[in-house]
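Tertiary structure, described
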Amino acid sequence: MIAFQDVSLVYPNGVHALSHIDLTIGRGEFLFLVGSTGQGKSSLLKCVYREVLPVSGEVTVDGRPLSALRRGQVPFLRRKIGVVFQDFKLLHQKTVWENVAYALQVTGAGSRDVLRRVPRTLELVGIAHKSKMFPYELSGGEQQRTAIARALVNNPLILLCDEPTGNLDPETSSEITALLARINTKGTTVVVATHNQAAVDRMRRRVVRMINGRIAHDEERGHYHIGLG
Amino acid sequence: MMKSEGITILDWGKVRFFCGEVAQNFSRNITMALTAIGTVTISIVLLGTFLFLRESFDLVMSNITRQVTIAAYLRDDIPPQRLAHVVRVLHADPRIDRVRFMPKKEAMRQLRQTLRGKMNLDVVNSNPLPDALIVHTVTPDEVAPVAQELAGLSIIRTVNYSRRVTDTLFKAAKVFSAAGLGIVGLLFIATTLLIYNTIRLTVFARQREIHIMQLVGATRWAVRWPFVFEGVLSGLFGAALGVGLLAAGYRYLAPKLTLSLPFVPLKLASIPLAHLAVELLAVGALVGMLASLFSVSRSLQAA
């Protein structure tokens, strides 16, 4: 589903974010990206949804090399990918329902489609009962559920989560991680960049550790401290 | 739009969403929206005033220059057939509007009338004035070339058309016209830049929203449309206010202007005001659209 072949990324300010990354993530896989802050986890995710372009190497998503993608084709790539952030990135003047519907409406979905898919997705993430509330009326966990619903409503093939539990208490974090696992069981490829040791250790899924923009360790059924001795 | 059994029907849900977004953005950024509208209004008032002055000047010039005629004085004892032939040829010339033969007697009568009370012409026994052809051209530009051609005819002794005055007037009109176009162009650019900066602020305030739209897969045009539509609306509102102010100013000032400048042949009624208003509304909408388009395009590059 996602393949990195010798990918290096340098930001315009000269920071080397990724160095010679080789990584393959299969369809329907669940993967944790771990490593301390500034090691390249977010940059790796950004390469997948083409927020940034590597200086060398190739990223392939669903069989499509991203370097060959024209600017006008990027939105169509992003409709295959849902992205969730630590700070939720919700629109505060819109209700939960409107935030989720927005992802469909701005991509030109018909109103019948919106009316069919939004309630179903809100139900899936367990936030349907708060659909008329505004983000500032919700807890952190509920806001993150809303963000996940927005990422999922387009039925993406891939769900990328950048520190999704970074702002949440342990109990809510484990609920969110459980939700991500449930989404994965429906066939969506899930990649989670995280510092949440408890979640990584409990789930025992594939774990990739990044150090200085390189993949230091990659282990099936890994734990949070892989590669740290 | 969605297609149903071969018939394209409007998806009202989409229309509602689009209009709702525009209305919400207007109300949420009301200060910015009012600033943009106010900027357009001021610019349109300036532009409209200038355009009005330019139209008035053009009108005055064309009224003055239309009164310029050519007096072609004839040699003595021209055979009537020869004169009739020349008049026929002049009538057929597309540049010439009217030709009138003025016999020397009539010229003398006019001279006496003009000089009545100023000079006593009773002492003049004979009539030294020649017969003349009074020629009106279709456009003022053609006065000089037609006069030159007339001067070359064998039956014409001399030609008079107050050359220095008309040439100066034409030159002034042309310079003013060209300068006017330049000033209109500069005002247009200045207006666009002013509104661009104002709208840029509203776009900047919504950078987060633009980023989210792009993240969820909105195309660049899907991001731009609401902003462009808002820009057009701001431009139209602003221009409508500006046109309203101009119309009020015109109703108040026009009669005073006509009264205070009685010697200027200014027929304000012949200025196409409705046309001018439509032009200003179109300029407002265009400027709003361009400014939004540039602003949001810069944000898309930054996102």
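Nothing here was measured: the structure is a model prediction, and the numbers come from that model. (Residues numbered from 1 in each chain as written. Chains lettered and ligands numbered in written order. Predicted model: local features only at pLDDT ≥ 70, side-chain atom pairs only at ≥ 80, totals over all residues. Heavy atoms only, no water.)

1. Points about the overall build of chain B
Worth spelling out the cut-off: Numbered from the N terminus, helices here are DSSP runs of H or I no shorter than four residues, and strands are runs of E no shorter than two. For each residue, the accessible area found with a 1.4 Å probe, counting protein chains only, is set against the maximum for its type, and the residue is called buried under 20%, exposed over 50%, and partly exposed in between.
On a plain count of helices and strands, chain B comes out with nine helices and six strands. Sorting the 303 residues of chain B into buried and exposed places 38% on the buried side.

2. Some details on the sheet that holds strand β8 (residues 189–193) of chain A
All names here are of chain A. Heads up, the condition is: Note on pairing: DSSP must find at least two bridges between two strands before they are called paired. Between the N-to-C directions of two axes lies an angle of 0 to 180 degrees, each axis being a line fitted to C-alpha atoms and, for a helix, fitted only over the stretch in contact. Residue contacts are defined here by distance: any two heavy atoms, one from each residue, within 4.5 Å place the two residues in contact.
Here we have six strands laid out as an open sheet, ordered β6-β7-β8-β3-β9-β10, and mixed in their pairing. Where the open sheet ends on each side, the last strands, each with one partner, are β6 (81–85) and β10 (214–219). Averaged over neighbouring strand pairs, the angle between their axes works out to 15 degrees when direction is ignored. Note that strand β7 (residues 158–162) and β8 share five bridges and pair parallel. The partner of Asp162 across the bridge, within β8, is Ala193. Each of β6 and β7 touches helix α5 (residues 140–152); the most contacted strand, β6, lies at about 165 degrees to it.

3. Quick word on unusual backbone geometry
All names here are of chain A. At Asp6, a residue that is not glycine, the phi angle is positive and equals roughly 50 degrees. Given a relative accessible area of 36%, Asp6 falls into the partly exposed group. Positive phi outside glycine occurs at Asn212, with the angle close to 50 degrees. Along the chain, the position of Asn212 falls in the loop between β9 (206–211) and β10.

4. Concerning the interface of chain B and chain A
The following threshold applies: Note on definitions: buried area is the accessible-area loss of two parts on being combined, 1.4 Å probe, summed for both. Whenever a carboxyl oxygen of Asp or Glu lies within 4 Å of a side-chain nitrogen of Lys or Arg, that contact is scored as a salt bridge. By the criterion applied in these results, polar contacts are pairs of N or O atoms within 3.5 Å in which, for protein atoms, one can donate a hydrogen and the other can accept it, and in which residues neighboring in sequence qualify only through two side-chain atoms. Classification convention: Asp, Glu, Lys, Arg as charged; Ala, Val, Leu, Ile, Met, Phe, Trp, Tyr, Cys, Pro as nonpolar; all other residues, Gly among them, as polar.
Listed per partner, the contact involves 21 residues of chain B and 27 residues of chain A. Both faces considered, chain B and chain A share a buried interface measuring about 2,200 Å² in area, 57% of it formed by carbon and sulfur atoms. At the boundary of chain B and chain A, one finds zero salt bridges. The interface formed by chain B and chain A contains four residue pairs in polar contact (both at pLDDT 80 or more). Of all the secondary-structure elements, those providing two or more residues to the side of chain B that touches chain A are α1 (12–28), α7 (207–215) and α8 (220–260) of chain B. Ranked by residues supplied to the side of chain B that touches chain A, first place goes to α7 of chain B with seven residues. In the side of chain B that touches chain A, the residues fall into eight nonpolar, six polar and seven charged.

5. Here we look at the nonpolar core
To keep it simple, the criterion reads: Throughout this description, the term nonpolar core refers to a set of buried Ala, Val, Leu, Ile, Met, Phe, Trp, Tyr and Cys residues connected via side-chain atoms within 4.5 Å.
Counting residues in each nonpolar core, the largest one holds 71 residues, and the members touching the most others are Phe32, Val118, Ile148, Leu159 and Leu180 of chain A together with Val223 of chain B. For Leu159 of chain A, the residues in contact, after removing those within four places along its chain, are Gly82, Val84, Ala151, Leu152, Leu180, Ile183, Thr188, Thr189, Val190 and Val191 of chain A. Counting 34 residues, the second largest nonpolar core, distinct from the first, contains Leu33, Cys47, Val48 and Phe85 of chain A.

6. Digging into the pairing of strand β2 (residues 16–25) of chain A
In this structure, strand β1 (residues 2–10) of chain A lies alongside β2 of chain A, joined through six bridges in antiparallel fashion. Looking at β2 of chain A, one finds that Leu9 of chain A is bridged to Leu18 of chain A.

7. Considerations on helix α4 (residues 111–125) of chain A
Residue and element names in this part refer to chain A. Defined as follows: For a helix, the expected span equals 1.5 Å multiplied by the number of residues minus one.
Its 15 residues give α4 an end-to-end C-alpha distance of 21 Å, which sits within 8% of 21 Å, the value for a rise of 1.5 Å per residue. Looking at α4, one finds that the buried residues are Val114, Arg117, Val118, Thr121, Leu122 and Val125. Against α3 (96–105), α5 and α6 (170–185) lie the buried residues of α4. One or two positions beyond α4, positive phi appears at Gly126, with a value near 75 degrees.

8. Let's talk about the packing of aromatic side chains
All names here are of chain B. Using the following cut-off: A pair of Phe, Tyr and Trp rings is counted when the ring centres sit within 6.5 Å of each other, with Trp represented by its six-membered ring. The angle between the planes then sorts it: under 30 degrees is stacked, over 60 is edge-to-face, the rest tilted.
The final tally for this structure, using the stated rule, is four aromatic pairs over all chains. Ring geometry for Phe52 versus Tyr250: centroids 5.6 Å apart, planes at 75 degrees, classification edge-to-face. Residue Phe52 is located in helix α2 (residues 30–66), and its partner Tyr250 is located in helix α8; the two are separated by 198 residues in the primary sequence. Exposure remark for Phe52: the relative accessible area of 17% places this residue in the buried category.

9. What to know about the pairing of β8 of chain A
All names here are of chain A. What counts, and what does not: Looking down the strands as they point away from you, a crossover is right-handed if its path from the first strand over the helix to the second goes clockwise.
The element β8 is extensively covered by neighbouring structure, given that five of its five residues are classed as buried. Residues Thr189, Val191 and Ala193 line one face of β8 and the alternating positions Val190 and Val192 line the opposite face, and both faces are buried. The pairing of strand β3 (residues 30–34) with β8 spans four bridges and is parallel. From the neighbouring strand, Leu31 faces β8, where its bridge partner is Val191. Since β7 and β8 lie parallel, the crossover through α6 that links them has a hand, and here it is right-handed.

10. Observations concerning the confidence of the model for chain B
Segments scoring low in pLDDT should not have their predicted coordinates read at a detailed level. The condition that has to hold: Known as pLDDT, the predictor's per-residue confidence is scaled from 0 to 100.
Put simply, chain B has an average pLDDT of 80, and 87% of its residues get 70 or more. Confidence drops under a pLDDT of 50 for residues 1–7 of chain B, and excluding neighbours within four residues, the segment shows twelve contacts in the predicted structure.

11. Quick word on the sheet that holds strand β5 (residues 132–137) of chain B
Residues and elements named next belong to chain B. Taking strand neighbours across the sheet as the criterion, the four strands line up as β4-β5-β3-β6 in an open arrangement whose pairing is antiparallel. Of all the strands in the sheet, just β4 (96–102) and β6 (156–160) have a single pairing partner and so form its edges. For this sheet, the mean inter-axis angle between neighbouring strands, taken without regard to orientation, is 20 degrees. Bridge count between β4 and β5: six bridges; the pairing is antiparallel. If you follow Arg98 over to β5, its bridge partner there is His136.

12. Brief notes about the environment of Leu186 of chain B
Residues and elements named next belong to chain B. Looking at the secondary structure, you find Leu186 in helix α6 (residues 163–205). In this structure Leu186 comes out as exposed when scored by relative accessible area, which is 59%. Taking the C-alpha atoms as reference points, Leu186 and Leu47, 139 residues apart in sequence, are found 10.0 Å from one another.

13. Quick notes on the environment of Ser173 of chain A
Residues and elements named next belong to chain A. Along the chain, Ser173 turns up in helix α6. According to the relative accessible area criterion, Ser173 is buried, its value standing at 4%. The spatial distance from the C-alpha of Ser173 to the C-alpha of Ala198 is 9.2 Å, given a sequence separation of 25 residues. Excluding residues that lie within four positions of it along the chain, Ser173 makes contacts with Thr165, Leu168 and Asn196. Reaching out from Ser173, the side chain makes a polar contact with the backbone oxygen of Leu168 at a distance of 3.4 Å.

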